[in-house]
Every structure is written in structure tokens, then in C-alpha cells.
Amino acid sequence: MIILLRYCIITKDDIKALEIKEALMKRITLEYDEKNPDYIITIGGDGTILGAIQKYIYKNPKIIIFGLHLGHLGFFTNYMIEEADDLVSNINNQNFRIEHAPLLSFYIDDKFCGYALNEVSILCPTRTLKLDVYIDEEKLETYRGTGLCISTSYGSTAYNKSLHGSVIDTSLNVLQLTEIAGINSNAYRTLTSSLLLAADKTICLKTVEEGKITITYDNKVIEENEFATFACRLENHFINFAYNKHQSFLKRITRTFIDEKK
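Here's a quick rundown of the structure. (Residues numbered from 1 in each chain as written. Predicted model: local features only at pLDDT ≥ 70, side-chain atom pairs only at ≥ 80, totals over all residues. Heavy atoms only, no water.)

**A closer look at empty space enclosed by the protein**
Basically, it comes down to this: Buried and open spaces are told apart on a 1 Å grid over the protein atoms alone, a cavity being a set of points where a 1.4 Å probe fits but cannot get out and a pocket being an open set with protein on both sides within 12 Å along at least five of seven lines. Residues with an atom within 4 Å of a point are the lining residues. Grid points are joined across faces, edges and corners, and a volume is the space filled by probe spheres set on the points. The numbering of helices and of strands both runs from the N terminus, where a helix is a DSSP run of H or I of at least 4 residues and a strand a run of E of at least 2. Each residue receives one of three labels: charged for Asp, Glu, Lys and Arg, nonpolar for Ala, Val, Leu, Ile, Met, Phe, Trp, Tyr, Cys and Pro, and polar for the others, Gly being one of them.
Under the defined criterion, the tally for this structure stands at one cavity of 30 Å³ or more. Roughly 50 Å³ of volume is contained in the largest cavity. What lines the largest cavity is L140, E141, L148, L177, T178, E179, L191, T192, S193 and L195. For the lining of the largest cavity, the secondary-structure elements that each account for two or more residues are β9 (138–152) and β10 (174–182). Of the residues assigned to the lining of the largest cavity, the class counts are five nonpolar, three polar and two charged.

**Considering the environment of F66**
Threshold: Burial status follows relative accessibility: with a 1.4 Å probe on protein chains alone, a residue under 20% of its type maximum counts as buried, one over 50% as exposed, and anything between as partly exposed. In what follows, a contact means two residues having at least one pair of non-hydrogen atoms within 4.5 Å.
Secondary-structure assignment places F66 in strand β4 (residues 64–69). Of the residues examined, F66 reaches a relative accessible area of 0% and is grouped as buried. For the pair formed by F66 and A231, sequence separation is 165 residues and the distance between their alpha carbons is 31 Å. Those residues in contact with F66, other than ones at most four positions away along the chain, are Y39, I40, I41, T42, Y79, L87, I91, F96 and A242.

**Things to note about unusual backbone geometry**
Excluding glycine, residues mostly carry a negative phi; peptide bonds, for their part, are mostly trans. With phi around 55 degrees, D136 is a residue other than glycine that occupies positive phi space. Looking at where D136 falls in the secondary structure, it is placed in the loop between β8 (129–135) and β9. A relative accessible area of 30% means that D136 is categorised as partly exposed. Positive phi outside glycine occurs at D218, with the angle close to 55 degrees. When you line up the elements, D218 lands in the loop between β13 (213–217) and β14 (220–224). Using a relative accessible area of 12% as the deciding quantity, one classes D218 as buried.

See the structure below:
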């Protein structure tokens, strides 16, 4: 039985990216299909990849992403622009390796709401957010502040890093809970440090005072007027990244955050 594989290309809004897309399409021998692709080539940075995931993960959970770096941040992109020939060869010859990145699932009042590769954050910038924080069924604290960020090890280098959370080796499948402008005083106490949790844990947030909140997940936003519970966990769902040459976690870190561009 012959399986016909399909692919599509997602680019950032950039003339150079569109030119590269046109050149790749002339060389890749698979069928082009933007509705139901098996492979996605993203041309851009991490934002382009996150957009592609949110667009296609619900259609095909086994989809494979080939990230061609042409952006500012490229932590997830496994192909540099000078490796475009390798990318074409890998796809045409089905010769590549796969890296599985875990996805967060999150629920509002027990209703599934979406997946996130980097993080899910719950925020209220206009008033003090008050939430009881539970790990599985055990209460950790009553949190007061602007919000909380729940990230994967892959997402530890994204918003979580800006919040001074820990940067985590992606070989470790863990959850991280990090405060966003928590309030600590004589009256209120929270952990303040980011908290690392085993992958089988569920983080549950219960409303202390009702009010409008904002939930962000990767590059998406949900507004909720009221809710009782918010739950987030890893549920054995993954996004698949293709690569030709293995690049260590430390190499990615130095490439993305430390090496100065000449």
C-alpha cells in the first residue's frame, strides 16, 4: 500500500520568507496540501512554529514540523537557512529523525480548552487575582498577584524565563509553576520561587474571588468572565519536530540567548 504524504509551508510575513517558500516548493516532491498536511515546514522563528501548531495540532496530532530558522528567536527551529538543501533532501527521501515535545492540556471548569507547547498563563492585570493553588488534591497556597504561568521544559525558555523561572533541560519532562508579580507582605505569603513538578502532576487553580481573567496559551488568548476551577497537566500529547543534525540543549541555549550576532 502506497501512502501519499502531503506537506505545506507556513511563513512569517516577510518577503524573504515567501521567496524561500517558492524555491522550496519547486524542489519538494510531495503533494502540497494546506488543509490536511502530514508535514509542515515553517519559515521564520518560534512564533511561526507556535502559530502552525495551534492551527494544525487539532486536525492531525501526528503532524511533523520542519522549522527553518529565519527569525529573531529560533529555539525550536532545527534547520538553519544554509541547511535548506538538507531539509529538502530529508523530506524527499524520508530521512530524518524526530524529537517529541510534550504539550500542556488545560481545562476550565472540567472542559478541555486547548494545547500549549510553551506555557499556559492565567492573568488579571487590572486587579489582584486571588487563587487557591492545588497540586493534585493537595493545597499549596492561596496566591495573590497578577497571575501564574505554567510551562513545559521546552517553554521554560519563553515567557517563564522572562519571569525569572528556571531554564530546564528539554530532556526532563516536567511542569513549572512561576508567579507573575506575586504579592508578599506581612499579610500575605506565597512560595515566590518557581516550582518544578513531576510530569504526572496536575496543577489546579480555584477561584477565591470571581472576576474577569485572561488566559494565554502560546500565541492565543481566552477571556473568561468567571470560572470555578482551572486545571493544567501533561497528558501524553506531543508535537513532533524533525531534525537532520542533533543540536544539544546547551547549543540551543547559547545560540538563542548568549551568542552575540556579528
